[in-house]
Amino acid sequence: MESFSTFKISKQLQYAIEDLGFEKPTPIQSQSFSVIQSGKDMVGIAQTGTGKTFAYMLPILQGLPFSMQEQPRVLVMVPTRELVIQVVEEIEKFSKYMNVRVLGVYGGVNMNRQKEAIVLGTDVIVATPGRLYDLVLSRALQLKSVKKLVIDEVDVMLDLGFRFQITNIFELLPKRRQNVMFSATMTDDVNELIHDFFTAPETISVAVSGTPLDNIKQFCYSVPNFYTKINLLVNLLQDTESFSKVLVFVSNKKSADLLFTELDEIFGEEVAVIHSNKTQNYRIRSIENFNEEKTRILVTTDIMARGLDLDSISHVVNFDTPPFPENYMHRIGRTGRAEQEGTSFLFYTEKEEPAKEAIEALMNVSIPLLEIPSEVEISRQLTYEEQPKHHEGNNPLNIEDSGKGFHEKSEKNRKVNLGGSYKRTIKKKYKKPKTKGDKNFNRRNKNK
Ligand code: AMP
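What counts as what
Residues numbered from 1 in each chain as written. Predicted model: local features only at pLDDT ≥ 70, side-chain atom pairs only at ≥ 80, totals over all residues. Heavy atoms only, no water. Helix = DSSP H or I, 4+ residues; strand = E, 2+ residues; numbered from the N terminus. Near = heavy atom within 4 Å. Polar contact = N/O pair within 3.5 Å; in protein donor to acceptor, adjacent residues only side chain to side chain. Areas by Shrake-Rupley, 256 points an atom, 1.4 Å probe, with all protein chains shown as cover. Nonpolar A, V, L, I, M, F, W, Y, C, P; charged D, E, K, R; others polar. Salt bridge = Lys/Arg side-chain N within 4 Å of Asp/Glu carboxyl O. Buried < 20%, exposed > 50% of the residue type's maximum accessible area, 1.4 Å probe, protein only. Axes fitted to C-alpha atoms, helices over the stretch in contact; angles between N-to-C directions. Parallel < 35°, antiparallel > 145°, perpendicular 65-115°, else oblique. Contact = heavy atoms within 4.5 Å. Phe/Tyr/Trp six-rings, centres within 6.5 Å; stacked < 30°, edge-to-face > 60°. Lys NZ or Arg CZ within 6 Å of the ring centre and 35° of its normal. Pairing = 2+ DSSP bridges.

Chemist: I'm lost on the environment of Leu-103 in this one. Help?
Modeler: Secondary-structure assignment places Leu-103 in strand S3 (residues 102–105). Sequence separation between Leu-103 and Ile-118 is 15 residues; the distance between their C-alpha atoms is 7.8 Å.

Okay, structure coming up:
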């Protein structure tokens, strides 16, 4: 692969690269440098860990002349406060030998301090969309000098419901500007945003490659249910020496809380949890403690952990099997960074087996299966979700039935109240009533 010297970059940037110890550009860096430098719009499909922050900052910093002007010329939008902090730190490292002013702004903290910082002047502003918009509305910040816009983790941003703020911010930016966007996955929402606001963008994809990262050892366990998964995890985590820094992934907040409560009883202060219902302060503290190795185990959902740079993780545990195989790649990408070796475990139930197979198909490998150690108790306890249920076709109140009596009724004898609105919906869809009741239907429509 080419070296950084082919990029024709300033001495200041070269020194920073040397300090960082980067030997050669990553694929996303190699491919995006000339595109971003040319001033074209660009869409990068790349996940965290590919070096994407440097991929956009290197050409941008290279092309950023010294200026005393107060209003920012580069705007980087990211979905979370944690990412703002991380991206600001990265930019500060890259621009160590340059005269560049970088400022991070995000919600959840007092706005006045941020306003004071803006007044001092800034070249690059890194922001979450909501707070950025508030600062513009309060006239503390002007965006008319922004020449380059970077939106990172667009998929997450749209997932968090920021489309409205993003669109509003677009309206406030100068028409003549360069747009650069990074997303780990391409979704319909992302595509629509590109279509609406980008001009003939060049797409560079170093997305999920078919091969797993070489320095990650992957294993899986076939586990009957949630509580047995807990028993297995607890068993593994007893080995404090090799399980020195463990990231445990679950797909939703509810499981995260449930799992945390169970682990907390056994491991106490060794374990923390992050998900979007926790306050930002709590999340930041949890991540800091984890990074400083004050807590050994961090339970997280996919959205929260994406975009975070968590160093030297010994193990990633996929407590559940993600239904989108790409998410698995994101998860295991948290370990085995650079030259470090990492291990990943995937726990799957029978129901999750197809998702596991989809992951294996994407990576084109089969994940070695391990036997559950004999001392792990196989639990018979089922979570509410795992209990056998009867699913009604139309259940507007989302009441799940687990009552026995109901099950025992035969299909034929069951009376289901489909309700008025449902009737209207299918009526509209099929243009004729689906219930037997309307005896006059044919008569009425006969002469039409
Ligand atoms: P990112 O995908 O931007 O979150 O970057 C992931 C990690 O890779 C960060 O810790 C970067 O400092 C690091 N990194 C970025 N570029 C390189 C490179 N060319 N060589 C080695 N590490 C890099």
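Chemist: What is the right way to read the site of the ligand from this model?
Modeler: Lining the immediate surroundings of the ligand are 15 residues, of which Lys-24, Gln-29, Gly-49, Gly-51 and Thr-53 lie closest. Within the backbone of Lys-24, a nitrogen or oxygen atom sits 2.9 Å from a nitrogen atom of the ligand. Here Lys-52 contributes a backbone N or O atom positioned 3.2 Å from an oxygen atom of the ligand. Burial of the ligand by the surrounding chains reaches 81%, relative to a free accessible area of 500 Å². Classifying every residue of the shell around the ligand gives three nonpolar, seven polar and five charged.

Chemist: How should the pattern of salt bridges be read in this particular structure?
Modeler: Any two side chains of opposite charge can pair, on the condition that their charged atoms come close. With the rule as written, the count across this model stands at 16 salt bridges. The partner of Arg-163 in a salt bridge is Asp-196, with the nearest N and O atoms 3.2 Å apart. Of the two residues, Arg-163 is situated in helix H8 (residues 163–172) and Asp-196 in helix H9 (residues 188–197); the sequence distance between them amounts to 33 residues. Of the residues examined, Arg-163 reaches a relative accessible area of 26% and is grouped as partly exposed.

Chemist: How should the packing of helix H14 (residues 325–332) against helix H15 (residues 353–363) be read in this particular structure?
Modeler: Any two packed helices are characterised by the angle at which their axes cross and by the distance between the axes. As a packed pair, H14 and H15 sit with axes 8 Å apart at the nearest point and diverge in direction by 70°. For the element pair H14 / H15, the angle class is roughly perpendicular. On H15, the residues that touch Pro-325, Glu-326, Tyr-328 and Met-329 of H14 are Ala-358, Ile-359, Leu-362 and Met-363. The residue inventory of the contact of H14 with H15, partitioned by class, reads seven nonpolar, no polar and one charged.

Chemist: Even after reading the chapter, I still don't get the packing of aromatic side chains, so can you show me in this structure?
Modeler: We describe a pair of aromatic rings using the distance from one ring centre to the other and the angle between the two ring planes. Scanning all chains against the criterion turns up 15 aromatic pairs. Between the aromatic rings of Phe-4 and Phe-7, the centroid separation amounts to 5.9 Å while the plane-to-plane angle is 80°, which identifies the pairing as edge-to-face. Using a relative accessible area of 6% as the deciding quantity, one classes Phe-7 as buried. Judged by centre distance (6.0 Å) and plane angle (10°), the rings of Phe-243 and Phe-345 are stacked. Of this pair, Phe-243 sits in the loop between helix H10 (226–237) and strand S9 (246–250) while Phe-345 sits in strand S13 (residues 342–348); the two residues are 102 residues apart in sequence, bridging distant segments of the chain. Judged by its relative accessible area of 6%, Phe-243 falls in the buried class. A residue is classified by how much of its surface remains accessible, and Phe-345, at 6% relative accessible area, is buried. In textbook terms, an aromatic cluster arises when at least three aromatic residues are bridged by ring pairs, as seen for Phe-219, Tyr-221, Phe-226, Tyr-227, Phe-243, Phe-319, Phe-345 and Phe-347. Sitting over the ring of Phe-319, Lys-229 keeps its end group 5.7 Å from the ring centre. Seen from the ring of Phe-290, Lys-245 lies directly overhead, with NZ or CZ sitting 5.3 Å from the centre.

Chemist: Sorry, what's going on with the environment of Phe-319 here?
Modeler: Checked against the element boundaries, Phe-319 lands in the loop between strand S12 (315–318) and H14. Residues in contact with Phe-319, not counting those within four places in the same chain, are Phe-226, Lys-229, Ile-230, Leu-233, Val-248, Phe-249, Val-250, Leu-259 and Phe-347.

Chemist: What should I look at first to understand the pairing of S13 in this one?
Modeler: Where a strand is regular, its side chains alternate between the two sheet faces. Counting buried positions along S13 yields seven of seven residues, so the element is predominantly enclosed. Of the two faces of S13, the one holding Gly-342, Ser-344, Leu-346 and Tyr-348 and the one holding Thr-343, Phe-345 and Phe-347 are both buried throughout. Here seven bridges tie strand S8 (residues 216–222) to S13, and the two strands are oriented parallel to one another. Among the inter-strand pairings, Tyr-221 is bridged to a residue of S13, identified as Phe-347. Across four bridges, the pairing between S12 and S13 is parallel. When the bridges of S13 are listed, Val-317 appears paired with Phe-345.

All we've got here are geometric facts, nothing functional implied.
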